[in-house]
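# Analysis of the macromolecular model
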Amino acid sequence: MTVLDTDPTSAPSGDALVVLDHVDKHYGDLHVLQDINLEIKRGEVVVVIGPSGSGKSTLCRTINRLETIDSGTITLDGKELPAEGKGLAKLRAEVGMVFQSFNLFAHKTILQNVTLGPMKVRKLKKAEAEAEAKKLLDRVGVGAQAAKYPAQLSGGQQQRVAIARALAMKPQVMLFDEPTSALDPEMVKEVLDVMVSLAKEGMTMIVVTHEMGFARVAADRVVFMADGQIVESNTPSEFFDNPQSERAKDFLGKILKH
């Protein structure tokens, strides 16, 4: 399949922060990522969309080595991702990740959830970590919940805490793997609003989502995947208004009618 790429922002540049070069991955006989080439610039917001099973989440999870790859390379800020060990732990600190499920520690308060990583990995003193965490919790709109436990918060609040926790590590890039898909519809907007504000502040973001409104508003580039391949890469307006491939036209025809 030929990648239809009519967007100048995807051309190679010296300011690339994340680069996937000829990346392949199999689950047994299933070729889930097929010769993936993708470059994300510093400060760029790339939204990855496509039908279920197209490889979107796997792509996202390979960027911090939650999933291994069979061949090709992934580099962050010019350094290839190590497979394991201390180098991998150090790299993961540079890559914030927000999942569908919030993955908060149930037995720790909201404040403790956000300070744990900076204290353990970044070696911040408790007072400094707490001051930074409170600022971040205020920023995502849940500062008043700092002393509560995750079970006392709504899903939307928990996901905003998860975003604050990822930001507390001061990552170079943020990965979002369908961050709103487990939320009730009325909670989706509050999480997307936080993500839009992050995008406007210049955070480098790779977002796997079904939220087409977010893609239109916040993305610099939309990457469309199908069957383990990148089919199209373009600006949101070009992609949504003028899709180049039959696969994308079919996908958009199905989702935009509802």
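Bear in mind that the values here come from a model prediction, so they are computed numbers and not experimental data. (Residues numbered from 1 in each chain as written. Predicted model: local features only at pLDDT ≥ 70, side-chain atom pairs only at ≥ 80, totals over all residues. Heavy atoms only, no water.)

Within this model, the largest pocket holds a volume of roughly 610 Å³. Lining the largest pocket are 22 residues, and of these Arg92, Met97, Gly117, Arg165 and Met169 lie nearest its centre. Those elements giving two or more residues to the lining of the largest pocket turn out to be α2 (85-94), β7 (95-98), α3 (110-120) and α5 (155-167). If one sorts the elements of the lining of the largest pocket by residue count, α3 sits on top with 6 residues. When grouped by side-chain class, the residues that make up the lining of the largest pocket number 14 nonpolar, 5 polar and 3 charged. (1 Å grid on protein atoms, 1.4 Å probe; cavity = no way out; pocket = protein on both sides within 12 Å on 5 of 7 lines; lining within 4 Å. Points joined across faces, edges and corners; volume = space filled by probe spheres on them. Helix = DSSP H or I, 4+ residues; strand = E, 2+ residues; numbered from the N terminus. Nonpolar A, V, L, I, M, F, W, Y, C, P; charged D, E, K, R; others polar.)

The next thing to look at is the pairing of strand β11 (residues 229-234). Within β11, 6 of the 6 residues are buried, leaving the element largely enclosed by the surrounding structure. Pairing analysis gives 5 bridges linking strand β10 (residues 221-226) to β11, with the strands arranged antiparallel. The residue bridging Phe224 from the neighbouring strand is Glu232, located in β11. Taking the residues between adjacent antiparallel strands as the criterion, β10 and β11 are bridged by 2 residues, where Asp227 takes a positive phi near 55°. (Buried < 20%, exposed > 50% of the residue type's maximum accessible area, 1.4 Å probe, protein only. Pairing = 2+ DSSP bridges.)

Turning our eyes to something else, we now look at helix α9 (residues 246-255). The set of residues buried in α9 consists of Ala248, Phe251 and Leu252. End-on, the buried residues of α9 take up no more than an arc of 95°, which puts them together on one face. In α9, those exposed residues whose orientation departs by more than 90 degrees from the buried face are Glu246 and Lys254. Against β4 (45-49), α7 (212-218), β10, β11 and α8 (236-241) lie the buried residues of α9. (Arc of directions from axis to C-beta. Contact = heavy atoms within 4.5 Å.)

So, on to the packing of α3 against α5. For the pair α3 and α5, interaxial distance at closest approach is 8 Å and the crossing angle is 25°. The pairing of α3 with α5 is recorded here as roughly parallel in orientation. Once α3 is placed against α5, the crossing between them reads as right-handed. Across the interface between the two elements, Ile110, Asn113 and Val114 from α3 touch Val161, Ala164 and Arg165 from α5. Across the contact of α3 with α5, the residue classes tally to 4 nonpolar, 1 polar and 1 charged. (Axes fitted to C-alpha atoms, helices over the stretch in contact; angles between N-to-C directions. Parallel < 35°, antiparallel > 145°, perpendicular 65-115°, else oblique. Left-handed = near helix turned anticlockwise from the far one by under 90°.)

On to the sheet that holds strand β5 (residues 71-76), then. Read across the sheet, 4 strands follow the order β3-β2-β5-β6 without closing on themselves; strand pairing throughout is antiparallel. With one partner strand each, in any of the chains shown, β3 (30-41) and β6 (79-80) form the two edges of the open sheet. Sheet analysis places β5 next to β6, joined by 2 bridges and oriented antiparallel. The residue bridging Leu76 from the neighbouring strand is Lys79, located in β6.

Within the secondary structure, Thr62 is located in helix α1 (residues 56-62). Judged by relative accessible area, which is 0%, Thr62 ranks as buried. Apart from the residues within four sequence positions on either side, Thr62 is in contact with Leu20, Leu33, Glu67, Thr68, Ile69, Ile74 and Leu81.

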